[in-house]
Amino acid sequence: LTMGGAGQCSGTLIAPSVVLTAASCLPDLVAANYQVLGGADPFSAPLFTSAVSAVHRHPDYDEQTFAHNVGVLELTSAPSPPVTPLPWLAADEGLYATGLSASFLGYGVTDAVTQNGSGLRRGGVAPITTHDADTFAIDATLGQSPCAGDSGGPALPAESVTGDIVMGVTSYGDQDCASYAVFARTDANASFIALYAPEPTAGAETSAAVLALALAAGRSASRRPRAFALRSAPR
């Protein structure tokens, strides 16, 4: 997302009028500069378009290291037609462990060289290779990778079959979108996210985690269409 309508990011509705995205997608905190669009093809055929009433970056976000790369947009009203928010992971349930996989959604480019192919909702999956207190990373050489425009989109546990839960926010990766990608953990940033969207119930988190850790016989849950495109509001 850049100023003046020149770029875009992705995001996820986590409360009726709250979108979770990356702090790096929010170059300023002026709500009038942003719009949220929903749907599989939001720029050509948006399911809805929502104005933004407030913009928030994590207070400890570091634009050099991308630490705490999470942000929140509060919408002026809930999307119409209604969209069911996704729950987010507020406590570490073992979903970031090496050997598990993460799936991700976004509206980014499909060709890192030409920067073409953006604007349609797509997803991918890849194995988790490392994690630390604030982030986790996937190996794109063993799956797919997000790319430019996917920043801010959701990462979800690929093996969960009980329903989707947002466990991360797409943060950054290699220039060619071919080697790795790094995501900000929602549990590490729970105190910030919870200021704007209530934490999901412990039961919902646990049921998702148990099946994810069991690997569900290698099955992946279907990805439901709740990633949103973000762009600057036209001036």
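### Observations regarding unusual backbone geometry
Then step 1. At the junction of Ser-80 and Pro-81, the peptide bond is cis and its omega measures out at 10 degrees in the coordinates.
Then step 2. Here Pro-81 lies in the loop between strand E5 (71–75) and strand E6 (101–106).
Then step 3. Of note, the phi angle at Phe-66 is positive, near 65 degrees, even though the residue is not glycine.
Then step 4. Look at His-68: it is not a glycine, yet its phi comes out positive at around 50 degrees.
Then step 5. Taking relative accessible area as the criterion, His-68 reaches 22% and is therefore assigned partly exposed.

### Overview of the packing of aromatic side chains
Then step 1. Taken as a whole, this structure holds five aromatic pairs when the rule is applied.
Then step 2. Note on Phe-66 and Tyr-172: the rings are 5.3 Å apart at their centroids and 25 degrees apart in plane angle, and the pair reads as stacked. Residue Phe-66 is found in the loop between strand E4 (48–57) and E5, and its partner Tyr-172 is found in strand E10 (residues 168–173); the two are separated by 106 residues along the sequence.
Then step 3. Of the residues examined, Phe-66 reaches a relative accessible area of 27% and is grouped as partly exposed.

### As for the pairing of strand E2 (residues 18–21)
Then step 1. Alternating residues of E2 divide into Val-18 and Leu-20 and Val-19 and Thr-21, and every residue in both groups is buried.
Then step 2. In this sheet, E2 lies alongside strand E1 (residues 8–15) in antiparallel orientation, the contact comprising three bridges. The residue of E2 that forms the bridge with Leu-13 is Val-19.
Then step 3. By the bridge criterion, four bridges tie E2 to E5 in an arrangement that is antiparallel. Directly across from Thr-21, in E5, lies its bridge partner Gly-71.

### Some remarks on the state of the cysteines
Then step 1. Counted under the stated rule, the structure contains two disulfides.
Then step 2. For Cys-9, the disulfide goes to Cys-25, at an S-S distance of 2.1 Å. The disulfide joining Cys-9 to Cys-25 has a torsion of about -90 degrees about its S-S bond and is therefore left-handed. Pair noted here: Cys-9 is in strand E1 and Cys-25 is in the loop between E2 and strand E3 (34–38), with a separation of 16 residues, a long-range link.

### Considering the pattern of salt bridges
Then step 1. With the rule as written, the count across this model stands at two salt bridges.
Then step 2. Note that Asp-92 is salt-bridged to Arg-185, the shortest N-O span being 3.4 Å. Of this pair, Asp-92 sits in the loop between E5 and E6 while Arg-185 sits in strand E11 (residues 180–185), and the two are 93 residues apart along the sequence.
Then step 3. For Arg-185, a relative accessible area of 5% translates into the label buried.
Then step 4. Within the structure, one salt-bridge network assembled from shared partners comprises Asp-92, Arg-185 and Asp-187.

### Here's the deal with the pairing of strand E8 (residues 135–139)
Then step 1. Of all five residues in E8, five are buried; the element is thus mostly enclosed.
Then step 2. Here E8 shows two buried faces, one formed by Thr-135, Ala-137 and Asp-139 and the other by Phe-136 and Ile-138.
Then step 3. In this sheet, E11 lies alongside E8 in antiparallel orientation, the contact comprising five bridges. Pairing of Asp-139 across the sheet is with Tyr-180, part of E11.

### Looking at the confidence of the model for the protein chain
Then step 1. Per-residue confidence for the protein chain gives a mean pLDDT of 80; residues scoring 70 or more make up 77%.
Then step 2. In this model residues 231–235 is a low-confidence stretch, pLDDT under 50, and it forms 23 contacts with partners more than four residues away in sequence or in other chains.

### So, the nonpolar core
Then step 1. By size, the foremost hydrophobic cluster in this structure holds 20 residues, and its most contacted members are Ile-14, Val-18, Leu-20, Trp-88, Val-169, Ile-193 and Ala-197.
Then step 2. Mapped by element, the contributors of at least two residues to this core are E1, E2 and helix H1 (190–193).
Then step 3. In terms of nonpolar packing, the next biggest core, distinct from the first, is built from 15 residues, Leu-95, Ile-138, Met-167 and Phe-183 among them.

What counts as what
- Every chain is numbered on its own, with residues counted from 1 as its sequence reads.
- Whole-chain, interface and lining totals are the exception, using all residues; otherwise, since this is a predicted model, local features are given only for residues with pLDDT of at least 70 and side-chain atom pairs are given and counted only at 80 or more.
- Calculated side-chain values reflect all of the structure's heavy atoms, with hydrogen atoms and water omitted.
- Secondary structure elements follow DSSP: runs of H or I no shorter than four residues count as helices, runs of E no shorter than two count as strands, and numbering proceeds from the N terminus.
- Exposed residues in this analysis have more than 50% of their type's maximum accessible area, buried residues have under 20%, and partly exposed residues fall in between, with area computed by a 1.4 Å probe over protein chains only.
- Between the rings of Phe, Tyr and Trp (Trp by its six-membered ring), a pair exists once the centres lie within 6.5 Å; its type follows the angle of the planes, with under 30 degrees stacked, over 60 edge-to-face, and the other angles tilted.
- Pairs of strands are assigned from DSSP output, requiring at least two bridges between the strands.
- The disulfide criterion used throughout: a pair of cysteine sulfur atoms within 2.5 Å.
- Note on definitions: salt bridges are taken to be side-chain nitrogens of Lys or Arg within 4 Å of carboxyl oxygens of Asp or Glu.
- Known as pLDDT, the predictor's per-residue confidence is scaled from 0 to 100.
- Note on definitions: a residue-residue contact is assigned when non-hydrogen atoms from the two residues lie within 4.5 Å.
- Think of a nonpolar core as a cluster: buried Ala, Val, Leu, Ile, Met, Phe, Trp, Tyr and Cys residues, connected wherever their side-chain atoms sit within 4.5 Å.

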